[in-house]
Amino acid sequence: MEIVTLVSLLSLYCDFTDAECLVVSPARLVVKHGDPASSNCSSDIPVEMAWEATQGGVGLTDNKVKILRWRVDSVTDWNIKPTCYTDGGLCQEQLNITVYKLPDRVSISYRKYPDPMVEGDQYLLQCLVQNIAPIGRLTVTFYKVSTNGERTVLYTQPLNNNIQQLNNDTREPVNESYSLQFSPTSVDDGAQLLCSAMLDLGPEGPQPPPVMDSNRLNTNVHYKPQITMSPGCFSMSITEGDTLSLNCSAKGNPAPSYDWLLSQADPNPMEERSVVTITNIAKSHSGDYTCIARNLLGNSTCTVNVEVTVDYLPIFAGLAAAVVVILLVVSCFTYSSYYKHRRMGHYQLKDMLPRRHKNKHVVQHNGMDQSFM
């Protein structure tokens, strides 16, 4: 308690006295472990001053000076706290220095890996950051990378987000593990999971803040089939005699198997494949066609109502053609009968014989009969 009071009095003394007040510039340093560092301590008037530090300490000067430099070729002390002070310790200023180290490795895993994930189950993702300092400036983010390369943030562990870090002033490198509960869905199948460690050291630190990504986990998510039949469960009409083709497609992991049911005709599977085809379809084929896609995790169904209709246009055309033929036959018969009646009904046999006239003589000439008056 007495030491704290003495330091406070010394600070007040420096605040109100121009003489022997010290200024450290830069006042804050962020240094990578093993790199050089330096800072100047200055006074408005010449004084005897010194630097006290576990590395690069400078003893009290013999002469009064206005500037005294502290310098280290390689900072290796994680808890270094260089302090500049004047003769007698009447005034002193401490250099705020942060020594940092990027992690050696960042890795991600989950409890059941490499077993396949199952849709809806809970999994504990763990991100391990190894040999990093200072831990209190670390931010960890979990990502999901979709099959098209889009990165989505699942969760970010902000700075000083737990009591352990709030109460932890450890500056030396440590290993730290972060966790996240993850419940996959079918859209996560084939995606990748990763985590990243970002060391945010403020404006004096490297910009942008350094980030290290973990390895990537390829997710294999098992889920029950989801029928993707296009245009889906629907009703359709088809003309008798045409070919019916229904293609049932489904997404699922493991890959689904298929059955087709025609409920109105036979309750047993009629096809054990994704495509059902009926050529020269008949009216009796009308009804509900149900596709069942199944795997070990469950099944999905889709029903298509098929109505087989009759195309009456060819029938009408045939009837019309038959009527035309019949009319032609009747017309021909009628005309023929009428013509014969007109030509044969008004002539007698005697009209066909040559007439004999008075005063006419028939003389045979050259083998031919000729008549002369």
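Only a predicted model underlies this, so the values are computations on that prediction, with no experimental measurement involved.

Conventions and cut-offs
- Residues numbered from 1 in each chain as written.
- Predicted model: local features only at pLDDT ≥ 70, side-chain atom pairs only at ≥ 80, totals over all residues.
- Heavy atoms only, no water.
- Pairing = 2+ DSSP bridges.
- Helix = DSSP H or I, 4+ residues; strand = E, 2+ residues; numbered from the N terminus.
- Axes fitted to C-alpha atoms, helices over the stretch in contact; angles between N-to-C directions.
- pLDDT = per-residue confidence, 0-100.
- Contact = heavy atoms within 4.5 Å.
- Buried < 20%, exposed > 50% of the residue type's maximum accessible area, 1.4 Å probe, protein only.
- Phe/Tyr/Trp six-rings, centres within 6.5 Å; stacked < 30°, edge-to-face > 60°.
- Lys NZ or Arg CZ within 6 Å of the ring centre and 35° of its normal.
- Polar contact = N/O pair within 3.5 Å; in protein donor to acceptor, adjacent residues only side chain to side chain.
- Disulfide = S-S within 2.5 Å.

## Some points on the sheet that holds strand β7 (residues 92-94)
Item 1. Sheet architecture is open: three strands sit in the order β4-β6-β7, paired in antiparallel fashion. Each edge of the sheet is formed by a strand with only one pairing partner; in this case those strands are β4 (49-52) and β7. Adjacent strand axes in the sheet meet at a mean angle of 15°, parallel and antiparallel pairs treated alike.
Item 2. Of the strand pairs in this sheet, strand β6 (residues 83-86) and β7 are connected by three bridges, and their pairing is antiparallel. Bridge assignment links T83 to a residue of β7, and that residue is Q94.

## Some points on the confidence of the model for the protein
As a general rule, the predicted coordinates of low-pLDDT regions are not to be interpreted in detail.
Item 1. Residues with a pLDDT of 70 or more make up 75% of the protein, whose mean pLDDT is 81.
Item 2. Within the model, the stretch residues 1-19 combines pLDDT values under 50 with eleven contacts to residues more than four positions away or in other chains.
Item 3. Low pLDDT (under 50) marks residues 356-373, which in the prediction has 16 contacts with non-local residues, meaning those over four places away or in another chain.

## Notes on the sheet that holds strand β18 (residues 221-227)
Item 1. Judged by pairing direction, the sheet is mixed, and its three strands sit side by side in the order β10-β18-β21 without closing on themselves. Pairing within the sheet leaves two strands with one partner each, and these edge strands are β10 (117-118) and β21 (250-253).

## Quick word on the pairing of strand β24 (residues 275-278)
Item 1. What you see with β24 is a clean split: V276 and I278 sit on the buried side and V275 and T277 on the side with no burial.
Item 2. In terms of strand pairing, strand β20 (residues 244-247) meets β24 through four bridges, oriented antiparallel. Within β24, the position partnered with L246 by the bridge is V276.

## Section: the packing of aromatic side chains
Item 1. Taken as a whole, this structure holds two aromatic pairs when the rule is applied.
Item 2. Ring centres of W51 and W70 lie 6.2 Å apart, and the angle between their planes is 40°; this geometry places the pair in the tilted category. Of the two residues, W51 sits in strand β4 while W70 sits in strand β5 (residues 65-72), which places them 19 residues apart along the sequence. Considered together, W51 and W70 belong to a single accessibility category, that of buried residues.
Item 3. Relative to Y123, the ring of Y110 lies with its centre 5.7 Å away and its plane at 80°, an arrangement referred to as edge-to-face. One end of the pair, Y110, is in strand β9 (residues 105-110); the other, Y123, is in strand β11 (residues 123-132), with 13 residues separating them in the sequence.
Item 4. Here R151 stacks its cationic end above the ring of Y143, 4.7 Å away from the centre of that ring.

## Some remarks on the environment of E52
Item 1. Considering the arrangement of structural elements, one finds E52 in strand β4.
Item 2. Note on E52: relative accessible area 54%, which makes it exposed.
Item 3. Taking the C-alpha atoms as reference, E52 lies 8.3 Å from K81; in sequence the two are 29 residues apart.
Item 4. Sequence-distant contacts of E52, defined by excluding residues within four places in its chain, comprise K81, P82, T83 and Y85.

## Focus: the side chain of T83
Item 1. Here T83 shows up in strand β6.
Item 2. A distance of 3.3 Å separates a polar atom in the side chain of T83 from the backbone oxygen of K81.
Item 3. Setting aside anything within four residues of it in sequence, one finds T83 in contact with A50, W51, E52, Q92, E93 and Q94.

## Digging into the state of the cysteines
Item 1. A full pass over the atoms with the stated rule returns three disulfides.
Item 2. Disulfide pairing places C41 opposite C84 at an S-S distance of 1.9 Å. The sign of the -80° torsion about the S-S bond sets the C41-C84 disulfide as left-handed. Placement of the pair is C41 in strand β3 (residues 37-47) and C84 in strand β6, with a sequence separation of 43 residues.
Item 3. On the accessibility criterion, C41 (0% relative accessible area) is buried.
Item 4. Across a sulfur-sulfur distance of 1.8 Å, C248 and C291 are joined as a disulfide pair. Residues C248 and C291 are joined through a disulfide that is left-handed, its torsion about the S-S bond being -80°.

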